Structure formats: structure tokens, C-alpha cells
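Architecture and fold: a report
The residues making up each chain are set out below.
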Amino acid sequence: MLTGSSQPAEAKTKTQSMSHRLGMCRMPSAQMRGQGLRNQRIHTHLMEMMLHLKQTIEKNLMHLTTRHLQQDLVLEEQRHSQAASEEEALLGRLIYQLVNLLQSGAVGGLGLQPSCPSLDVRRDVRGGQWAQSSRQPDWPVHQLSDLEATFVSQHLSSRGIDISALYHSSFQDYKIYQRDKYHEDKNTMGFINLGLSENKLCLDLMTERLSQSDMNYIEDDLLQYPDWRGQPFLREEVARFLTYYCKVPDQLDPENVVVLNGCSSVFSTLAMVLCDPGEAFLIPAPFYGGFAFSACLYSKVELILVHLDSEVTDANPHPFQLTVDKLEQALLEARLTGKKVRALILINPQNPLGDVYSRDSLQEYLEFAKRYHLHVIIDEIYMLSVFDEFITFHSVLSMESLPDPNRTHVIWGTSKDFGISGFRFGVLYTHNREVASAVSSFGYLHGISGIAQHKLCRLLQDREWIDKVYLPTYRSRLQIAHGYMTKKLEALGIPFLNRGSGLYIWMNLKMYLDPCTFEEELLLHRRFLDNKLILSRGRTYMCKEPGWFRITFADKPLLLKQAMHRFCQVLSEQKQDLIMKQLENAQRECSLCLRRNPRHLPPVQAQPPHRTWTVTMGMVWKENALENQTGSCQSSVEWVILPPQRPLIAPTCPLEEASLNGSGTQLRRATGPTTWTSMMRIRTPVASLTWAPVRTNSALTCCPGG
């Protein structure tokens, strides 16, 4: 996006560019239960902000008036000018915060529908949205108006405003996590992040290896500016490493290697050198959301989504299967809308699905790209993270004859396979020397320190340690962690893709959404945040079906155990809310039916699953839902069961009844385990009531009217 100027046409362009799509995310709050409390808190926050805003405006106007009265005093003029400037900046920030609050997930209870969590950004160079095929759902996103954009900053260009908004909307959850990380000793109530694909399984092995004496080497050249492509010794070792682990028929050429500070930097620079602004990449969805951020940050490249379906059919024998037919259909639709598609993006092993492409599939995708003169960018960052012994990973570099070698570009790095994402190391291997040279120029901005390059070279050289110590241990721990997580999901009856590669599992939580929409998916995502658990929801990966989430398992057993405890707690609460929602709907339908025809009321079918609760004094109930099935609370407020006139489920144990304060209202309570779905709260101590056995339960049994 071009920076605005004083020319009218350019000013118009700048104003238009301010209107861009973005989604603001709420910051997770303390444990909140109930929409009423949420709304009350947000309304209070809004009132405080509006009061602060009003006071700031009044103060600013006062200073402006004072300036005119003291124009002859140079010192006072300078002082008031500085004060006015500071207050104007504060005013801008306050309005920006107010706009953010109104857009954010924190005010979901006010009827607003924010759109995007982490990395859920859809824009192009013109301030528009992602290029969509006719099959893509209509993504509800907020559009920042020109008036709102005016208050965002007095110092940033329109491009700067776009970048700032993109960053804040993309990394909202991550910034929260960084400020309040879980620690097993220091911060057990902090955020657990299972939404970030980060490998923490072998930090002990990696720390030990990086502490050995051969790593601690410094020479003059390592302290000077390096070759922008990467130090020759590192590029040579990378070429040998990839030749060995990718099973390449011939030795790879170090001149085709470029190293930058991370695979995202490599991808972003490839987008810069292969595309002009407004041109597009073809990418199967769901896909790694970081590509959305990287494609937009510098190059303003659009992403044409090739949507994959989870439903198994004759034409789609496997969930989320990528076929050439789907690629051709998406490409044709993009070209019919005038889009110029320059490349196909593939991830192998796939993120977030975990699929590993067969050699035949890879051959088909590459031939498709050659047929339509497309570059192929293939990300193989998880190539050593295949832990299922029955699955074989095939790198495109292992193919004896690439269909179009000059348009095939491979990305790899050490962040995932070796769990050292902090090193910021990414590799490009391409047979195209022009592409390699163009990408190398970005080493001026995205290079790696000489000392880090030396350590990486020594690590990749130590083939014996990698093969005999690191990889066997790493893959064994991956299997154990994956097994633990999948058993938990199976016990909960949650469907998931069992793929045997990567650091994550793609799971389906549609059963916890009612209705199954992206809005409900976002609400569930926030509920996880409220319980200090971060997951990645499907829309972050541009999945067209709501309800899918990615959960990472490559972490320590103790942390995974604590995370799954929070996970189960959230789903239990979500399930109880769904039960009560279904009950309310059933009772509402029953009431409507009764009003229409009171003589012939049909039987009411219980929607929620039956549940046996032990009803005892002191047990805590809240808003028609059980808060703690096993614990009890020492409270002066007692809780008893009050059946409605037509209870949905009859009790299964003896009952007692009492009259409430002589009002004639009869209360009933169970004396033991019972199946029940309706209760109410009273503040009269149970002990003060006189209870008597109920002789028969027939009056409480659900039956037709008439």
C-alpha cells in the first residue's frame, strides 16, 4: 500500500485504503459465569472510558483557549503547544481504545460480532478482503471507517496504520500469553498455550548439546557483517544435511541455499520476489495462518483458497483430501474474476491436518503447477517430525526428476524438528539462481548473527548425535504425548484426525456448538481463554467448516495434564449450558403448544442426556446448571429442588416436601441420588423448613395433558 501524499488523487487513495477488514479479539478476563455479569462489566468499562474521554476533551479545549490568550508569551506558547500535542495524542489513543473495545470479543454480549482471533486476517493491498471462490462462506469481519482510522494515529502513514492493525489483530492471544505464561512452580494459574505449534519435548537434550564446548567458538569473522545469503560454511552444511535427510539422489548445491531469520521470512520474501501487489497464491485450506500474515505484511499478495471438505464421499474418500480437480476449479474461478495466480503453496507434512503427501500425489500437484505455469512453494518444516513408523515422508527434493525445477522452491527450518524456534533460522532451497539471488538481498534485513550461524552449523554437522540420540528420543516422546492426547479425546468422544506427524491434532468440537456457526466457535474459543487455555480455532486456518480446533501436544507431561484438566472443565461447562439451552427450548415449545391447544398437550421429550446427581445440603447450583457435581460449599444459602408443573424427567428416589414460609408454595427435594433437570434457588435455610415424605411420585411424572 502506498503512503498518502498531498495530491488529491493520492489523498483519495489513502482514505480508501484506510477502510480495511480486520477482526479485533477480546483479552481473556477472570473467570466469568453468566452473560449478565459480562454485560455489567463491559458497560462499566465503557462508562469509565467515556468519562475519561470527556474529561480529556474538556482539558484539551481549555488548553487551546489558553493558547490564544497567551500568544505573546513565547515560553508559554511552547509549553502549551507541547501539552496540547500530548493531550491530542491521548485523545487519539482513548478513541482508538474505545473503538477496539466495541469491536473486541469482550463485548460479544452486547450483540457485536467480532471476527478474528490470532492470525485471522483477510486483506489485500487495496484494503479489501481475501480473494474468494464462490464456494467460500461470507466471513463476517469489521471494517474500519475513515473517521475511525483518522483517530488511530497522528503519526503513522496509512500503510503504518494497516500494519499496526494487522499485527494487533493477529497476535492478540499471543501477547496475552507472553505476559502471563504458565509455570509449574512460579505461575500455576498462567495461560497454557496449546494453540502455538512449538516443540518443547526435547529442551533437555537440546540445552545439553548447545552447551558443549564445540558450540562456544568465536572468531573475528563471526563478529562482522556476514554474507547476506548466509555464511558459506553454514550453507554448505545445510546442503549436506538436506541431501542426507531428504534422501536426494545427487548432492545439493550450496549456491542454491539461502538462509534467513525464520521460515516466515523466507516465505514473505518469496512472495515479494515472485508477485506484484494484488497478484495471488493458490493455497489449500485449512492452512497455517502465519502465511496470511506473511503474505500481507510486505508483498500484499492475495491468497486464493482451495477449500477441502471433511465429509467423506465417493469423490472425497478421505477427510480434507487435496485433489488436482479442486486445484483446477479454484484456479479457474480465480482467473474468471481477473486474478493473476503466480504460485501454488503446499505444506508437507500438512499444518494443521497432519497429512503426509504420497510421492504420487506430489507428482500430480507439481505437474498441475507446470501445466499452468505456476511456481510451487513447498514448506517441509515438519519433515523430521513424522513419528508413525508406517508413514514415509517424501521430500520433493528426493524426486529424481522435478516437472519444473526452476519453479520449485523448498522451505525448511529448525524451529519445529529441533525445537529451537528462538534461533530464528529458515532455509530456502531453489534451483532458480535468479530467485535465490533476489531472496538473498533480504539477508540485509533478515540475516542471522554469525555466532548463531556457527552453532547451527555445528548442530547440523553432528549427524551421529542426531541419528542415535536426538531423533529416536524425540520421536518416542512425540508418540507418547500424542497417545496421551488422543486417549483423552477418545474418552470424551471427540472426533479427530489421527495422522502420526507434526506437533498437533486437528479435532472436531462441533458437538459443543449450538448452532454450529463461526460465532459459536468464537464464543467457545473465548471460553477456553477465560479458563487460561489457548487453542487455535479452525477459522484461524481459513477452514470453511465451523467447529474445528487445532491442539498442540508437544509439551511436558505435567503441563499437558493440567491443560487437559482445563480443557475438560471448559467442555463440561459448555455441555451444561447446551443442556439448559435445549431444555429451555423444549419448555418454550411445550408452553406454546399448550397455549395453542391446552386440551391436547403432546408429551415433552427430554433433549439433554439423563444425569444422576446426588442432591445434598450445601451443594452449589447456579442459574439452572450444576457448578460442582462432587464438591460442596459451606454457605448459609441453601438450595432445594422445585419441580415445575410439568417436570421433564421424573425423580428416581423418595422425595420430601415443605411449605415455603407459609406461602402455600410447595417445595420438593430429593433424599438421595436422582435424575432431575429442574431446580431453583431459595435463601431460606433448609433446616428451618419442616419436611415431610411425599407419598407418591405420580404427580411429578411427565405425562400428556388433558
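Here the structure is a predicted model, which means the values were calculated and not measured.

**So, the overall build of the chain**
Each helix and strand counted, the chain has 18 helices and 23 strands in total. In the chain, the share of contacts with a sequence separation of at least 24, taken over all contacts with a separation of at least 6, comes to 75%. Accessible area of the chain: about 33,000 Å², with a carbon and sulfur share of 53%.

**Description of the side chain of threonine 552**
With respect to the helices and strands, threonine 552 occurs in strand β14 (residues 548–552). From its side chain, threonine 552 meets the backbone oxygen of leucine 196 in a polar contact 3.2 Å long. Residues in contact with threonine 552, not counting those within four places in the same chain, are Leu194, Gly195, Leu196, Ser197, Glu198, Met485, Leu503, Tyr504 and Leu560.

**With respect to the pattern of salt bridges**
Counted under the stated rule, the structure contains 25 salt bridges. Of the charged contacts in the structure, one is a salt bridge between arginine 527 and glutamate 573, with a shortest N-O distance of 3.6 Å. Remark: glutamate 573 occurs in helix α18 (residues 557–596) and arginine 527 occurs in helix α17 (residues 518–530); sequence separation between them is 46 residues. Overall, the relative accessible area of 15% leaves glutamate 573 in the buried class. Taken together, the shared-partner salt bridges connect Arg209, Asp214, Arg458 and Asp462 into one network.

**Quick notes on the sheet that holds strand β11 (residues 504–508)**
Consider a sheet: its strands pair through backbone hydrogen bonds, and that pairing is either parallel or antiparallel. Spatially, the 3 strands line up as an open sheet ordered β11-β14-β13, and their pairing is antiparallel. Bordering the open sheet on either side are β11 and β13 (536–537), each of which pairs with just one other strand. Where β11 meets β14, 5 bridges bridge the pair, whose relative direction is antiparallel. By the bridge assignment, methionine 507 is partnered in β14 with phenylalanine 549. Contacting β13 and β14, α17 runs over the sheet at an angle of about 30 degrees to β14.

**Re helix α9 (residues 263–274)**
Taking 1.5 Å per residue, 12 residues should reach 16 Å; α9 reaches 16 Å between its end C-alpha atoms and fits that length. Extensive coverage of α9 is indicated by the burial of 9 of its 12 residues. Taken residue by residue, α9 has Cys263, Ser265, Val266, Phe267, Ser268, Thr269, Leu270, Ala271 and Leu274 as its buried positions.

**Remarks on the environment of glutamate 328**
Along the chain, the position of glutamate 328 falls in helix α11 (residues 324–336). For the pair glutamate 328 and tyrosine 372, spaced 44 residues apart in sequence, the C-alpha separation works out to 9.3 Å. When residues no more than four places from it in sequence are discounted, the contact partners of glutamate 328 are Phe368, Arg371 and Tyr372.

**Quick look at the environment of leucine 282**
Its place among the elements puts leucine 282 in strand β5 (residues 280–285). The exposure class assigned to leucine 282 is buried, which follows from its relative accessible area of 0%. Each C-alpha atom of the pair leucine 282 and leucine 305 lies 6.2 Å from the other, and the pair is 23 residues apart in sequence. Non-local contacts of leucine 282, meaning those with residues more than four positions away in its chain, are made with Ile304, Val306, Leu327, Ala330, Leu331, Val341, Ala343, Leu344, Ile345 and Phe368.

**Quick look at the confidence of the model for the chain**
Here the chain averages 76 in pLDDT, and 62% of its residues register 70 or above. This stretch, residues 696–706, has a pLDDT under 50; its non-local contacts, to residues over four places away or in other chains, come to 21 contacts.

**Some thoughts on the sheet that holds strand β6 (residues 302–307)**
Within the open sheet, the 7 strands sit side by side as β4-β10-β9-β8-β7-β5-β6. Their pairing is mixed. Of all strands in the sheet, those bounded by a partner on one side alone are β4 (257–260) and β6. Across the sheet, the mean angle separating the axes of adjacent strands is 25 degrees when strand polarity is ignored. The pairing of strand β8 (residues 375–379) with strand β9 (residues 408–413) spans 4 bridges and is parallel. Pairing of aspartate 379 across the sheet is with isoleucine 411, part of β9. α9 contacts β4, β5, β7 (341–347), β8, β9 and β10 (426–430) of the sheet and is inclined by roughly 160 degrees relative to β9.

**Points about the nonpolar core**
Ranked by size, the top nonpolar core spans 136 residues in total, and within it Phe418 and Phe567 carry the most contacts. For this core, the leading source of residues is helix α16 (residues 463–491), giving 9 residues. With residues near it in sequence (within four places) discarded, phenylalanine 418 still touches Asn199, Met206, Phe241, Leu384, Trp412, Leu459, Leu460, Ile466 and Tyr470. Listed in part, the 5 residues of the second largest apolar core include Ile176, Tyr177, Phe191 and Ile534.

Conventions adopted
Residues numbered from 1 in each chain as written. Predicted model: local features only at pLDDT ≥ 70, side-chain atom pairs only at ≥ 80, totals over all residues. Heavy atoms only, no water. Helix = DSSP H or I, 4+ residues; strand = E, 2+ residues; numbered from the N terminus. Contact = heavy atoms within 4.5 Å. Areas by Shrake-Rupley, 256 points an atom, 1.4 Å probe, with all protein chains shown as cover. Polar contact = N/O pair within 3.5 Å; in protein donor to acceptor, adjacent residues only side chain to side chain. Salt bridge = Lys/Arg side-chain N within 4 Å of Asp/Glu carboxyl O. Buried < 20%, exposed > 50% of the residue type's maximum accessible area, 1.4 Å probe, protein only. Pairing = 2+ DSSP bridges. Axes fitted to C-alpha atoms, helices over the stretch in contact; angles between N-to-C directions. Expected span 1.5 Å × (residues − 1). pLDDT = per-residue confidence, 0-100. Core = buried A, V, L, I, M, F, W, Y, C linked by side-chain atoms within 4.5 Å.

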